[in-house]
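# Tertiary structure, described
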Amino acid sequence: MTSSLIISKRLETIARYCPQGARVADIGSDHALLASYLLVRGIASFVIAGELNEGPYQAALRQIQTLALRERASVRKGDGLSVLRPGEVDAVCIAGMGGQLIVSILAAGADKLEGVRRLILQPNVGEELVRRWLLENGWQLVAESILEEDGIIYEILVAERGEPAKPYEGKERSLEELLRIGPFLWEEKSPILLKKWRQERDKWQRVLSQLQQSRKPEAAERTRQIEAELEWLDEVIACLHTDKR
């Protein structure tokens, strides 16, 4: 395996946030592709690929065995951050999972984050849950990216120890709104962010249309909640659209 190793745009974006020369753990490593790329490209000095299940663990082992630099890699089987020792890595990547699962992994392995300088997190859903955990646990968002690949929109959140509230201060949106949207993404206002929230609005509009045909007593209250959500989404979309014109 040479520097010809090709990974997805999503993983490549995550790799760009890994500090040069860092010892990096990739938890739930997706066949150790990111870990391999970090070694091949000379970004990481050492990588740990963590996998919970036997099949992905064996696939990661096979991938690492193709590398000339395999002595700088360790593939480990275990749950979340349990595969790490405190102080063993400088950066932790957790990508391709739901936000709730990422939060559970971070919370359960909080003691293993000793010495970790950077978290690079890519939740498939539930980004708000991840931002809230970071805010409440001493981690400051330092960067966010949003990208689209194969018709799917991904957000990447990067955090370091610091002042967790700082990215949310002095903005025209409330803390709760910025936890949903992302403070850096709101500042950037990319066309992909606009597309994401338009898709979200379409989803809720479909739910509302179905509810309006329901005769269940609870449907009226749920309808009011969704109408309020749609009103908020309309306002967010209008701001994003106006700023990009």
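Coordinates for the structure precede this section.
Read on for an overview of the structure. (Residues numbered from 1 in each chain as written. Predicted model: local features only at pLDDT ≥ 70, side-chain atom pairs only at ≥ 80, totals over all residues. Heavy atoms only, no water.)

### Some details on helix α2 (residues 33-40)
Note the following rule: Type-normalised accessible area, obtained with a 1.4 Å probe on protein chains alone, sets the label of each residue: buried when under 20%, exposed when over 50%, and partly exposed for intermediate values. A helix here means a DSSP run of H or I that spans at least four residues, while a strand means a run of E at least two residues long, and both kinds are numbered starting from the N terminus. Should any heavy atoms of two residues lie within 4.5 Å, those residues are considered in contact.
Of all the eight residues making up α2, six are buried; the element is thus mostly covered by neighbouring parts of the structure. Every buried residue belonging to α2 is among L34, A35, S36, Y37, L38 and L39, and all of these are buried. Buried residues along α2 sit against α1 (9-16), β1 (22-27), β2 (44-51), α3 (54-65), β3 (73-77) and β4 (91-97). One or two residues past the end of α2 sits G42, with phi positive at roughly 70°.

### Structural notes on the sheet that holds strand β7 (residues 152-161)
As a reminder of what qualifies: Strands are labelled as partners when DSSP assigns at least two bridges between them. The convention used is that axes are lines fitted to C-alpha atoms, helices contributing only their stretch in contact, and that angles between N-to-C directions extend from 0 to 180 degrees.
Pairing is mixed across the open sheet formed by seven strands, whose spatial order is β3-β2-β1-β4-β5-β7-β6. Looking at the sheet topology across the chains shown, the edges are occupied by β3 and β6 (139-149). On average, adjacent strands in this sheet sit at an angle of 15° to one another, irrespective of strand direction. Of the strand pairs in this sheet, β2 and β3 are connected by five bridges, and their pairing is parallel.

### Some thoughts on the layout of surface pockets
Note the following rule: Cavities and pockets are defined on a 1 Å grid built over the protein atoms alone: a cavity is a set of grid points where a 1.4 Å probe fits but cannot escape, while a pocket is an open set with protein on both sides within 12 Å along at least five of seven lines, and lining residues are those with an atom within 4 Å of any such point. Grid points are joined across faces, edges and corners, and a volume is the space filled by probe spheres set on the points. Basically, the charged four are Asp, Glu, Lys and Arg, the nonpolar ten are Ala, Val, Leu, Ile, Met, Phe, Trp, Tyr, Cys and Pro, and anything else, Gly included, counts as polar.
As a volume, the largest pocket reaches approximately 420 Å³. Forming the boundary of the largest pocket are 15 residues, of which V125, G126, E127, K196 and E200 lie nearest the centre. Elements supplying a minimum of two residues to the lining of the largest pocket: α5 (127-136), β7 and α8 (191-211). It is α8 that contributes the most residues to the lining of the largest pocket, five residues altogether. Per-class residue counts for the lining of the largest pocket are five nonpolar, three polar and seven charged. When its volume is computed, the second largest pocket comes out at roughly 160 Å³. Residue lining of the second largest pocket: 15 residues in total, with G28, G50, E51, L52 and M97 positioned closest to the centre.

### Side note on unusual backbone geometry
One non-glycine residue, A32, adopts positive backbone phi at about 60°. Mapping A32 onto the fold places it in the loop between β1 and α2. Judged by its relative accessible area of 0%, A32 is buried. You will see that K189, though not glycine, has its phi angle at about 50°, which is positive. Looking at where K189 falls in the secondary structure, it is placed in the loop between α7 (183-188) and α8. By relative accessible area, which is 7% here, K189 ends up buried.

### Here's the deal with the packing of aromatic side chains
By convention here, two paired aromatic rings are described through the distance between centres and the angle between planes. Stated precisely, the cut-off is as follows: Stacked, tilted and edge-to-face are the three classes assigned to paired rings of Phe, Tyr and Trp, where Trp is represented by its six-membered ring and a pair needs centres within 6.5 Å; plane angles under 30 degrees give stacked, over 60 edge-to-face, the rest tilted. In our convention, an over-ring charge means Lys NZ or Arg CZ found within 6 Å of a ring centre and within 35 degrees of that ring's normal.
Tallied over the entire structure, the rule returns one aromatic pair. Summarising the aromatic geometry, the rings of W197 and W232 are spaced 5.7 Å apart at their centres and angled 85° between planes, so their arrangement reads as edge-to-face. Remark: W232 occurs in helix α9 (residues 219-244) and W197 occurs in helix α8; sequence separation between them is 35 residues. Its guanidinium or amino end placed over the ring of Y154, R10 lies 5.5 Å from that ring's centre, counting from NZ or CZ.

### Quick look at the environment of R201
Inspection of the secondary structure puts R201 in helix α8. Residues R201 and E229, 28 residues apart in the sequence, show an inter-C-alpha distance of 8.5 Å. Look past the residues within four positions of R201 in its chain and what remains in contact with it is L230, L233, D234 and I237.

### Remarks on the environment of E227
Mapped onto the fold, E227 is located in helix α9. With a relative accessible area of 39%, E227 lands in the partly exposed category. For the pair E227 and T13, spaced 214 residues apart in sequence, the C-alpha to C-alpha distance is 36 Å.

### Observations concerning the pairing of β2
Where a strand is regular, its side chains alternate between the two sheet faces. Which entries qualify depends on this criterion: Handedness rule for crossovers: strands pointing away from the viewer, path from the first strand over the helix to the second running clockwise, crossover right-handed.
Taken across its eight residues, β2 has six buried, putting it largely inside the fold. In this structure, β1 lies alongside β2, joined through six bridges in parallel fashion. Within β2, the position partnered with R23 by the bridge is F46. Taking the sense of rotation as the criterion, the β-α-β connection linking β1, α2 and β2 turns out right-handed.

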